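So the chains spell out like this:
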Amino acid sequence: ESSLQLGCGFGMRSQVALGWGRESAAGERSRSLGLAGKTSLRDGGDEATSFALAWGAGRADSPGMPMRLESTYLTGVATMPLKGSLALHANLGWSRSRSAGASTTGWGLALERSGEGGIDVMGEVFGDDRERRPWVQLGVRASVLPERLWLDASAGMQTTPARPKALTVGMKVAF
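Rules of the game
Residues numbered from 1 in each chain as written. Predicted model: local features only at pLDDT ≥ 70, side-chain atom pairs only at ≥ 80, totals over all residues. Heavy atoms only, no water. Helix = DSSP H or I, 4+ residues; strand = E, 2+ residues; numbered from the N terminus. Rg over C-alpha atoms; globule rule 2.2 N^0.38 Å. Contact = heavy atoms within 4.5 Å. Areas by Shrake-Rupley, 256 points an atom, 1.4 Å probe, with all protein chains shown as cover. Lys, Arg positive; Asp, Glu negative; His and termini not counted. Charge placed at Lys NZ, Arg CZ, Asp CG, Glu CD. Salt bridge = Lys/Arg side-chain N within 4 Å of Asp/Glu carboxyl O. Buried < 20%, exposed > 50% of the residue type's maximum accessible area, 1.4 Å probe, protein only. Pairing = 2+ DSSP bridges. Axes fitted to C-alpha atoms, helices over the stretch in contact; angles between N-to-C directions. Polar contact = N/O pair within 3.5 Å; in protein donor to acceptor, adjacent residues only side chain to side chain. pLDDT = per-residue confidence, 0-100.

*Asks:* So, the overall build of the chain: which residues are in play, and what are the values?
*Replies:* In terms of regular secondary structure, the chain is built from zero helices and eleven strands. Order of helices (α) and strands (β) in the chain, N terminus to C terminus: β-β-β-β-β-β-β-β-β-β-β. Rg of the C-alpha trace for the chain: 17 Å, near the compact-globule value of 16 Å for 175 residues, within the 12% margin. Taking the principal axes of its C-alpha atoms as reference, the chain extends roughly 55 × 40 × 30 Å. In the chain, of all internal contacts separated by at least 6 residues, the share reaching a separation of at least 24 is 25%. Summed over its atoms, the accessible surface of the chain is roughly 12000 Å², and 60% of this surface lies on carbon and sulfur atoms. Within the chain, the 17 negative side-chain charges are centred at a point lying 5 Å from the centre of the 20 positive side-chain charges.

Right, dumping it as structure tokens:
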């Protein structure tokens, strides 16, 4: 699976991103196109809890099917500064999958520590009402060029007997 996302702020305390993806498995290929955004409802800064609303919609195709609206989501996000360089992140949201013909309620909790030298570490647990066993994940983000370039990676696994795993590598460039 590969993907590319470009985003920017456009005022009104909001950001928007356009993403493209491609997946290939067992000789089958699919493509996706998504629009996502995040709007700040309350910026608490370093002293109080901040609240935001994340939203999005995606189109996808599958073998033998044209590209069509596949998914929509809406998520409430809260970030609470804790002692020192720690922050607690929580989210609760709703998503709809057209192909599955189902809606899902998702949740997540993460603890983030902003470190010295531009290295941040995170641990999170997340899941939804369809899969009773949550995922656990650890991640790291490094500021390579302050306020301009970041690299990140994460590794996680679902707490089921099969233990499916996920590994991510990413880069963010600001200009």
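*Asks:* If you had to explain the pattern of salt bridges to someone new, which residues and values would you point to?
*Replies:* The full count for this structure, using the stated rule, is three salt bridges. Where Asp120 meets Arg141, a salt bridge forms, and the shortest distance between an N and an O atom there is 3.1 Å. Residue Asp120 is located in strand β8 (residues 119–128), and its partner Arg141 is located in strand β9 (residues 135–145); the two are separated by 21 residues in the primary sequence. By relative accessible area, which is 25% here, Arg141 ends up partly exposed. Three or more residues joined by partner-sharing salt bridges are found here, namely Glu112, Asp120 and Arg141.

*Asks:* Explain the sheet that holds strand β2 (residues 14–25) residue by residue, including any values.
*Replies:* The strand order across the open sheet formed by eleven strands is β1-β2-β3-β4-β5-β6-β7-β8-β9-β10-β11, and the pairing between neighbours is antiparallel. Looking at which strands have only one partner, the edges of the open sheet turn out to be β1 (2–11) and β11 (165–173). Recorded for the sheet is a direction-independent mean angle of 20° between the axes of neighbouring strands.

*Asks:* So, the side chain of Gln137: which residues are in play, and what are the values?
*Replies:* As for its position among the elements, Gln137 is in strand β9. In this structure the side chain of Gln137 is engaged in a polar contact, spanning 3.4 Å, whose partner is the side chain of Ser154. With near-sequence residues (within four places) excluded, Gln137 lies in contact with Met122, Gly123, Glu124, Phe126, Ser154, Ala155 and Gly156.

*Asks:* Please set out the pairing of β11 residue by residue, giving values where relevant.
*Replies:* For β11, the tally of buried residues reaches only zero of nine residues, placing the bulk of the element at the surface. Sheet analysis places strand β10 (residues 149–158) next to β11, joined by nine bridges and oriented antiparallel. Across the sheet, residue Leu151 finds its bridge partner in β11, namely Met171. Adjacent in sequence and paired antiparallel, β10 and β11 are bridged by six residues, among which Arg163 carries a positive phi angle near 50°.

*Asks:* An account of the confidence of the model for the chain is needed here, citing residue identities and associated values.
*Replies:* Summary statistics for the chain give a mean pLDDT of 94 and a share of 100% for residues scoring 70 or more. Here β1 stands out as the least confident element of the chain, with mean pLDDT 90; β10 is the most confident, with 98.

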